[in-house]
Each structure stands twice: as C-alpha cells, then as structure tokens.
Amino acid sequence: MFRVTRQYRFAASHRLHAAGLSEEQNRVLYGKCNNPYGHGHNYVVDVSACGPTDERTGRVLDIRLLDQLVARQVLGPFEHRNLNAEVECFESVVPTSENLAAEICRRLKKNWSTAFPGEWPKLEKIRIAETTRNIFEIRTDEIE
Ligand code: NI
C-alpha cells in the first residue's frame with residue numbers, strides 16, 4: 001500500500017470577514033487579514049491518494065487523471081479569483097485556509113469516482129499551505 005502525493009499551486013485573494021460579527025470584532029479577530037480590499041496568497045495544495053500498486057502499470061494512480069480532476073474542480077474555479085466574491089460557497093463562509101481546504105476536499109471527494117471509478121486509489125487527504133508557516137490538513141473521512 002502506498003500513499004502518493006501530487007502538488008498543485010494557485011494564486012487567489014481573500015478577505016477574512018465573518019458575517020455574524022461587527023466591523024470592530026472582525027478587525028480585532030482577523031487583524032490585517034480583515035483589510036477591506038483583501039490580499040493574495042500563493043497557495044500550495046498537496047493532494048494525497050492511497051492504494052496498492054497496479055500489477056499491470058506498476059503505479060498507484062494515473063497522474064494525468066488526477067491533474068484533470070484537480071484542474072476542473074480546483075484550479076479552474078480558484079486560480080486568480082477573489083475567493084469572497086467569485087467562489088459561491090465563500091459568499092457566506094469565511095475563506096480561511098481551513099474552509100478552503102475543506103471545500104477542496106469536498107469537491108475532490110464528490111467527483112473522485114468519476115475520475116477513478118475502481119476500488120483504488122482512494123482520496124486520502126488534502127494539505128494546503130497558505131504561507132510557508134501556515135499549513136492546514138484535512139482527511140477525506142473527516143468531511144461529509
Ligand atoms: Ni490571508
């Protein structure tokens with residue numbers, strides 16, 4: 001059994017501002033991340049899948065199929081976007097990296113069986129680095 005990780009990058013901007021809190025509470029809570037005009041990140045996303053090595057190909061997964069899935073579900077919708085304004089789910093949910101990782105995980109999980117219809121490989125986890133010091137990880141089985 002192997003775990004295979006493929007790394008992707010995209011740039012996007014966001015503003016951390018919770019709808020249920022006052023302007024002042026948001027400023028205190030999020031600091032400069034609450035600045036009205038937002039700011040950008042170069043996100044690095046690691047997608048990990050696991051499975052046995054296929055006898056015929058000697059591989060755990062077809063990287064091209066994974067690339068197509070991630071391009072369709074993540075890079076296309078998020079690359080060079082303002083997450084608050086241009087990604088529907090973040091109209092009501094704060095686009096923190098926790099919520100971004102959860103959304104990426106949800107999208108890949110939902111569409112996984114279309115790209116990989118067999119029993120293996122299984123999507124295992126998503127890891128997203130917002131900066132080199134802020135890293136967020138979620139396992140597929142931790143999400144609905
Ligand atoms: Ni930020």
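Please read these numbers as outputs of a predicted model, since none were measured by experiment.

## Examining the pattern of salt bridges
No. 1: Across all of its chains, the model carries 13 salt bridges by this definition.
No. 2: Its salt-bridge partner being R64, residue D62 comes within 3.3 Å of it at the nearest N-O pair.
No. 3: Accessibility expressed as a relative area gives 60% for R64, which makes it exposed.
No. 4: Via salt bridges that share partners, D46, K125, R127 and E137 belong to a single interconnected network.

## Concerning the side chain of S48
No. 1: Summarising the element assignment, S48 is placed in strand 2 (residues 39-51).
No. 2: Apart from the residues within four sequence positions on either side, S48 is in contact with R3, V4, T5, K122, L123, E124 and K125.

## Digging into the sheet that holds strand 5 (residues 135-139)
No. 1: The strand order across the open sheet formed by 5 strands is 3-1-2-4-5, and the pairing between neighbours is mixed. This sheet does not close on itself; its edge strands, each paired only once, are strand 3 (81-82) and strand 5.
No. 2: Docked against the sheet, helix 2 (residues 63-78) engages strand 1 (2-14), strand 2 and strand 3, running at close to 20° with respect to strand 1.
No. 3: Where helix 4 (residues 97-115) meets the sheet, it contacts strand 1, strand 2, strand 4 (122-129) and strand 5, and its direction lies at approximately 155° from that of strand 4.

## Points about the environment of R72
No. 1: Examined against the element boundaries, R72 turns out to sit in helix 2.
No. 2: Residue classification places R72 among the exposed residues on the basis of a relative accessible area of 52%.

## Observations concerning the packing of aromatic side chains
Given two aromatic rings, their pairing is described by the distance between the two centres and the angle made by the two planes.
No. 1: Inspection of every chain in the model, using the stated rule, returns 3 aromatic pairs.
No. 2: Pairing F10 with F78 gives two aromatic rings, centres 5.9 Å apart and planes at 50°, and the pair type is tilted. Highlighted residues: F10 in strand 1 and F78 in helix 2, separated in sequence by 68 residues.
No. 3: Judged by relative accessible area, F10 falls into the buried class, the value being 3%.
No. 4: The class for F78 is buried, based on a relative accessible area of 0%.
No. 5: Summarising the aromatic geometry, the rings of W112 and F116 are spaced 4.6 Å apart at their centres and angled 35° between planes, so their arrangement reads as tilted. Grouping residues by exposure puts W112 and F116 together as buried.

## Some details on the coordination of the nickel ion
No. 1: Around the nickel ion, the donor atoms from the protein are H14 (NE2), H39 (NE2) and H41 (NE2), and they sit 2.0 to 2.1 Å away.
No. 2: Of note, the nickel ion draws all its donor residues from one chain, in the sequence arrangement H-x24-H-x1-H.
No. 3: Taking relative accessible area as the criterion, H39 reaches 22% and is therefore assigned partly exposed.
No. 4: Owing to a relative accessible area of 13%, H41 belongs among the buried residues under this scheme.

## Let's talk about the nonpolar core
No. 1: Counting residues in hydrophobic clusters, the biggest one holds 31 residues, and the most contacted among them are F10, V47, L100, I104, L108 and I126.
No. 2: Take this core: its biggest share by element is 8 residues, from helix 4.
No. 3: Here L100 is in contact with F10, Y43, F78, L83, F90 and I128, once residues within four sequence places are set aside.

Parameters and conventions
Residues numbered from 1 in each chain as written. Predicted model: local features only at pLDDT ≥ 70, side-chain atom pairs only at ≥ 80, totals over all residues. Heavy atoms only, no water. Salt bridge = Lys/Arg side-chain N within 4 Å of Asp/Glu carboxyl O. Buried < 20%, exposed > 50% of the residue type's maximum accessible area, 1.4 Å probe, protein only. Helix = DSSP H or I, 4+ residues; strand = E, 2+ residues; numbered from the N terminus. Contact = heavy atoms within 4.5 Å. Pairing = 2+ DSSP bridges. Axes fitted to C-alpha atoms, helices over the stretch in contact; angles between N-to-C directions. Phe/Tyr/Trp six-rings, centres within 6.5 Å; stacked < 30°, edge-to-face > 60°. Donors = N, O, S within 2.8 Å, 3.2 Å for Na, K, Ca; no water. Core = buried A, V, L, I, M, F, W, Y, C linked by side-chain atoms within 4.5 Å.

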